[in-house]
Amino acid sequence: MLSAHSITVRIGQCPIVDVVSLNVAPGEFVGLLGPNGAGKSTLIRALAGVAPHEGEVRLGDVPAAQMSPRERARLLSYLPQDRQIEWGISVREVVALGRHPFQRRFARLSGEDEAAIDLAMAETGIASIASRSAKVLSGGEKARVLLARALATGAPLLLADEPVAALDPFHQLAVMDILRRRAGTGTGVLAVLHELTLAARFLDRVIVMHRGGIFCEGPPEAVLVPEVLEQVYGVTPLTGQHNGERWLLPWKRL
């Protein structure tokens with residue numbers, strides 16, 4: 001679904017993302033991991049088309065640069081790291097913005113639009129605050145509302161920058177479950193994560209970035225291992241299994 005080739009992002013002459021290539025297949029849940037400053041958010045912004053970059057991003061067989069903004073928005077939904085909501089509108093109206101790529105100008109929401117909005121709000125557990133002003137929400141509530149807006153688009157590709165940031169443990173697990181289920185319906189999901197424990201449990205594949213490039217990639221059990229975490233993060237982990245699932249906990253700084 002998504003293929004990116006030789007993506008480079010510079011600030012002046014300094015490459016923040018340096019010749020990175022990656023793919024995300026339909027139905028695949030991929031995590032983009034790495035320490036602060038590795039280039040993860042910059043890369044995902046380039047893939048979403050909101051950061052100038054060198055290299056090519058393709059959605060399916062078509063270069064994203066050849067698509068109109070509306071065409072791209074129908075194929076790719078983007079949840080940015082910034083959780084600010086400046087509009088004095090209701091929660092439901094914020095979520096409804098996710099349907100904008102499919103609406104004609106000044107047209108009313110269709111039955112399909114309403115169903116997509118209802119589903120996204122139910123998935124993220126915000127139906128009970130649908131009529132509340134989005135400006136008075138807590139940070140965690142805003143995070144879930146903006147995730148619902150991204151989900152409401154129903155695009156076959158979802159890019160999420162730190163989707164569990166500012167969430168309590170219950171809602172972190174809920175969001176990872178949501179993204180896992182969306183991938184199970186055929187959506188390709190690429191998410192920037194810092195939570196190694198969640199990455200080890202939920203992801204199909206991990207891409208570890210370090211100093212602007214890809215350090216390694218593969219299934220979590222092959223990538224989230226002591227040798228990699230020591231070199232990239234400077235930490236040693238504890239690992240184990242519970243009910244057949246692997247767990248990982250960053251434990252000690254080197």
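Look up: the structure comes first, before these words.
Chemist: Help me understand a nonpolar patch on the surface, please; the structure alone is not making it clear to me.
Modeler: A cluster of nonpolar side chains, namely Leu238, Trp247, Leu249 and Trp251, defines an oily patch on the protein surface of about 400 Å² accessible area. A per-element tally of the nonpolar patch places strand β12 (residues 245-253) first, with 3 residues. Within the element layout of this structure, Trp251 appears in strand β12.

Chemist: Looking at this structure, how should I read the pairing of strand β7 (residues 157-161)?
Modeler: On a regular strand, each side chain points to the face opposite its neighbour's, so the side chains alternate between the two faces of the sheet. The element β7 is extensively covered by neighbouring structure, given that 5 of its 5 residues are classed as buried. Residues Leu157, Leu159 and Asp161 point to one face of β7 and Leu158 and Ala160 to the other, with burial holding for every one of them. Here 4 bridges tie strand β6 (residues 76-79) to β7, and the two strands are oriented parallel to one another. Looking across to β7, one finds that Ser77 is bridged to Leu158. Pairing of β7 with strand β8 (residues 188-192), which is carried by 5 bridges, proceeds in the parallel orientation. When the sheet's bridge partners are listed, Leu157 is paired in β8 with Gly188. The handedness of the β7 to β8 crossover, carried by helix α6 (residues 169-184), is right-handed.

Chemist: Before we go on, may I ask you to explain the packing of helix α5 (residues 139-153) against α6 in this structure?
Modeler: In a packed pair of helices, the relevant descriptors are the angle between the two axes and the axis-to-axis distance. With their axes 12 Å apart at the nearest point, α5 and α6 run at an angle of 5° to one another. In this view, α5 runs roughly parallel relative to α6, as classed from their interaxial angle. Where α5 approaches α6, its residues Arg144, Leu147 and Leu151 are matched on the opposing element by His171, Val175, Ile178, Leu179 and Arg182. For the contact of α5 with α6, the residue count by class is 5 nonpolar, 1 polar and 2 charged.

Chemist: Would you take a moment to explain the environment of Val189 for this structure?
Modeler: If you trace the backbone, Val189 turns up in strand β8. Sequence spacing of Val189 and Leu159 is 30 residues, and the spatial spacing of their C-alpha atoms is 6.0 Å. Those residues within four positions of Val189 in sequence are excluded, and the remaining contacts are Val24, Glu28, Phe29, Val30, Leu158, Leu179 and Ala183.

Parameters and conventions
Residues numbered from 1 in each chain as written. Predicted model: local features only at pLDDT ≥ 70, side-chain atom pairs only at ≥ 80, totals over all residues. Heavy atoms only, no water. Patch = residues over 30% accessible without salt bridge, like charges linked within 9 Å, V, L, I, M, F, W, Y side chains within 5 Å. Areas by Shrake-Rupley, 256 points an atom, 1.4 Å probe, with all protein chains shown as cover. Salt bridge = Lys/Arg side-chain N within 4 Å of Asp/Glu carboxyl O. Helix = DSSP H or I, 4+ residues; strand = E, 2+ residues; numbered from the N terminus. Buried < 20%, exposed > 50% of the residue type's maximum accessible area, 1.4 Å probe, protein only. Pairing = 2+ DSSP bridges. Right-handed = clockwise from strand over helix to strand, strands pointing away. Axes fitted to C-alpha atoms, helices over the stretch in contact; angles between N-to-C directions. Parallel < 35°, antiparallel > 145°, perpendicular 65-115°, else oblique. Contact = heavy atoms within 4.5 Å. Nonpolar A, V, L, I, M, F, W, Y, C, P; charged D, E, K, R; others polar.

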